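Below are the chains, spelled out letter by letter.
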Number of protein chains: 2
Amino acid sequence: MVRIIENLNLSEQVTNDLGRAIVAGEYSCESGLPTEAQLCEEYGISRTAVREAVKMLAAKGLISSRPRQGISVEQPSNWNLYDTSVLSWLLDSSPSLHVLKEFLQMRLAIEPQAAALAAEFARDEDIDQIEKAVEAMRTAATDPSASMHDADLAFHTSVLFASRNRFFFQLRDFIRTALNVSIQHTTPAKANDVAVAEDHAKICLAIRNRQPERAKNLMTHLIDEAMSFIEAEIKRRS
Amino acid sequence: MVRIIENLNLSEQVTNDLGRAIVAGEYSCESGLPTEAQLCEEYGISRTAVREAVKMLAAKGLISSRPRQGISVEQPSNWNLYDTSVLSWLLDSSPSLHVLKEFLQMRLAIEPQAAALAAEFARDEDIDQIEKAVEAMRTAATDPSASMHDADLAFHTSVLFASRNRFFFQLRDFIRTALNVSIQHTTPAKANDVAVAEDHAKICLAIRNRQPERAKNLMTHLIDEAMSFIEAEIKRRS
DNA sequence: TAAAGCATATTATAATACAAAAGTAATAAT
DNA sequence: ATTATTACTTTTGTATTATAATATGCTTTA
């Protein structure tokens, strides 16, 4: 029986359940999925709900279905990894340290360029938003009741927004997920937090001063630090 | 009535039709979509087909639906732009020169980093693939019957693959679309093609010689050329 | 042997019915 | 008069049944 999750209707729950199973490799490309009729029986639900789940998974690139052939699993390279659900299913099934490295490689591509674009194209109110996040980080660095992580997320999201390019801003969920995974592997060392906040402040200042190259380099440095930490962690564990 | 497209079943056709209309702004966030019943009547189809289309659009982040409230359009910032369908709907409705600039800003983030990763992590067979694409470009540069564009696409795709990071490779459809839009705005100047092919060859060589920084810089230069061309074009038309 | 047709399994579409959710209006109680 | 409760209404959510379309394999036939 499907795990019940609040606020999700039946077809969405089945989507979640099947999506998770597919990404976890419980159904291979060769074997495919059970037929609609079998899924109805397994879950004890109507064909309507099963079909709607199948359609949603197909829309995310995980499966495809044809008459007489049944439901087949698409190659993982066709899965839409930038879909929030697919991403969460992926994290549920993969050793997160390895995925984290991939995340950081991606962030190293996206965020420095976003910072550069922000320095070039951000509106004043965008920069105010970034500064607000920096202030929140400064507060959180000393105040134990405030969340450093939330402020950090707000910072990176607002930079993406300030890039004024929707393809960059669209990646905010991706970045959010990456940050979530990061803190799972970070020892809570409040000692560095003040310095970290100031590193972020520098980026904000570079953007406000309209220095694209400087903003880019500072952002690269910021993420590179996290990267070197993770690489050390990977080496330590192997 | 919905436009008939080959190889698409009814619910997929309706998905296409509604998706296009939503992205084109024919339904706003405030107004929302017609009710399922109304859509059935408009398209002259059953509720089954309409609901499946609605579910697929919801899976792509374009809409959401609730009892009594009907179907509402999500904010554009929630649309999954990295979905191939959504991307094509976007191109159908936006002035492509502006979108093209956003594409190039994104490519400028992704591809140089992908080249650097390829130089670091690519397997030998990955590099062979890149080289094959380079050879195809060289051929196409002089042979009018061969397609320069196809070879170009193969090159960029194989570099993404060689990065050995699935988040990068996942963007191949995005890059493909970007290249397609590019050639719509490029005057077919076969004169440069030989030089262009050699620029690509240099990147391939840098990757084979395991020079991440060099590969990155060369790729940046390559895309920057396209960018400056587009910016000139935008200025010319304004 | 090859082509045509037939059987069969599975998804695709339709139609209908009822349940659930969420507003809205009417009613009752204080 | 205000608030709480109830009943009603609209729309999506789920179930059921039936039939069509599609693709595959098998069988028959020329």
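All values reported here derive from a predicted model rather than from experimental measurement. (Residues numbered from 1 in each chain as written. Chains lettered and ligands numbered in written order. Predicted model: local features only at pLDDT ≥ 70, side-chain atom pairs only at ≥ 80, totals over all residues. Heavy atoms only, no water.)

Explanation requested: the interface of chain B and chain A in the structure shown.
Often, the extent of an interface is quoted as the loss of accessible area on bringing the components together. The interface is formed by 41 residues belonging to chain B together with 41 residues belonging to chain A. Buried surface at the junction of chain B and chain A, both sides included, amounts to about 3600 Å², of which 54% is carbon and sulfur. Run the count over chain B and chain A and you get 4 salt bridges. When the shortest N-O distance is used, the salt bridge between Glu102(B) and Arg166(A) registers 2.9 Å. One can count 20 residue pairs in polar contact (both at pLDDT 80 or more) joining chain B with chain A. When contributions to the side of chain B that touches chain A are tallied by element, the ones reaching two or more residues are helix H3 (47-59), helix H4 (84-93), helix H5 (96-121), helix H8 (166-169) and helix H9 (172-184) of chain B. No other element matches H5(B), which puts 13 residues into the side of chain B that touches chain A. (Contact = heavy atoms within 4.5 Å. Buried area = accessible area lost by both parts, 1.4 Å probe. Salt bridge = Lys/Arg side-chain N within 4 Å of Asp/Glu carboxyl O. Polar contact = N/O pair within 3.5 Å; in protein donor to acceptor, adjacent residues only side chain to side chain. Helix = DSSP H or I, 4+ residues; strand = E, 2+ residues; numbered from the N terminus.)

Is there a simple way to explain the packing of helix H2 (residues 36-43) of chain A against helix H3 (residues 47-59) of chain A in this structure?
Any two packed helices are characterised by how steeply their axes cross, that is the angle between the axes, and by the distance between the axes. Residues and elements named next belong to chain A. Interaxial distance between H2 and H3 falls to 9 Å at its minimum, and their mutual angle equals 115 degrees. In terms of their interaxial angle, H2 and H3 are classed as roughly perpendicular. Here H2 and H3 pass one another in a crossing that is right-handed. Between H2 and H3, the contacting residues are Glu36, Leu39 and Cys40 on the first element and Arg47, Val50 and Arg51 on the second. (Axes fitted to C-alpha atoms, helices over the stretch in contact; angles between N-to-C directions. Parallel < 35°, antiparallel > 145°, perpendicular 65-115°, else oblique. Left-handed = near helix turned anticlockwise from the far one by under 90°.)

Mind showing me how you'd approach the packing of helix H4 (residues 84-93) of chain A against helix H9 (residues 172-184) of chain A here?
Residues and elements named next belong to chain A. Where H4 contacts H9, the two axes come as close as 10 Å, and the packing angle between them is 20 degrees. Considering the angle they form, H4 stands roughly parallel to H9. Crossing handedness for the pair H4 and H9: right-handed. Residue-level contacts link Thr84, Leu87 and Leu91 of H4 to Asp173, Phe174, Arg176, Thr177 and Val181 of H9.

Help me out: how do you make sense of the pairing of strand E2 (residues 70-73) of chain B in this one?
A regular strand carries its side chains on alternate faces of the sheet. Pairing geometry for strand E1 (residues 63-66) of chain B and E2(B), over 4 bridges, is antiparallel. Of the residues in E2(B), the one forming a bridge with Arg66(B) is Gly70(B). (Pairing = 2+ DSSP bridges.)

Please clarify how the relation of the copies chain B and chain A should be interpreted in this entry.
Superposition of chain B onto chain A requires a rotation of 180 degrees combined with a translation of 0.0 Å along the rotation axis, giving an RMSD of 0.0 Å. Taken together, the turn and the small shift mark the pair as related by a two-fold rotation axis. (Least-squares fit on C-alpha atoms with pLDDT ≥ 70 in both.)

Please explain the domain arrangement of chain A as it appears in this structure.
By domain assignment, chain A separates into domain 1 (10-78) and domain 2 (95-237). Computed from C-alpha coordinates alone, the two centres of domain 1 of chain A and domain 2 of chain A are separated by 36 Å. (Domains from an automatic or database assignment.)

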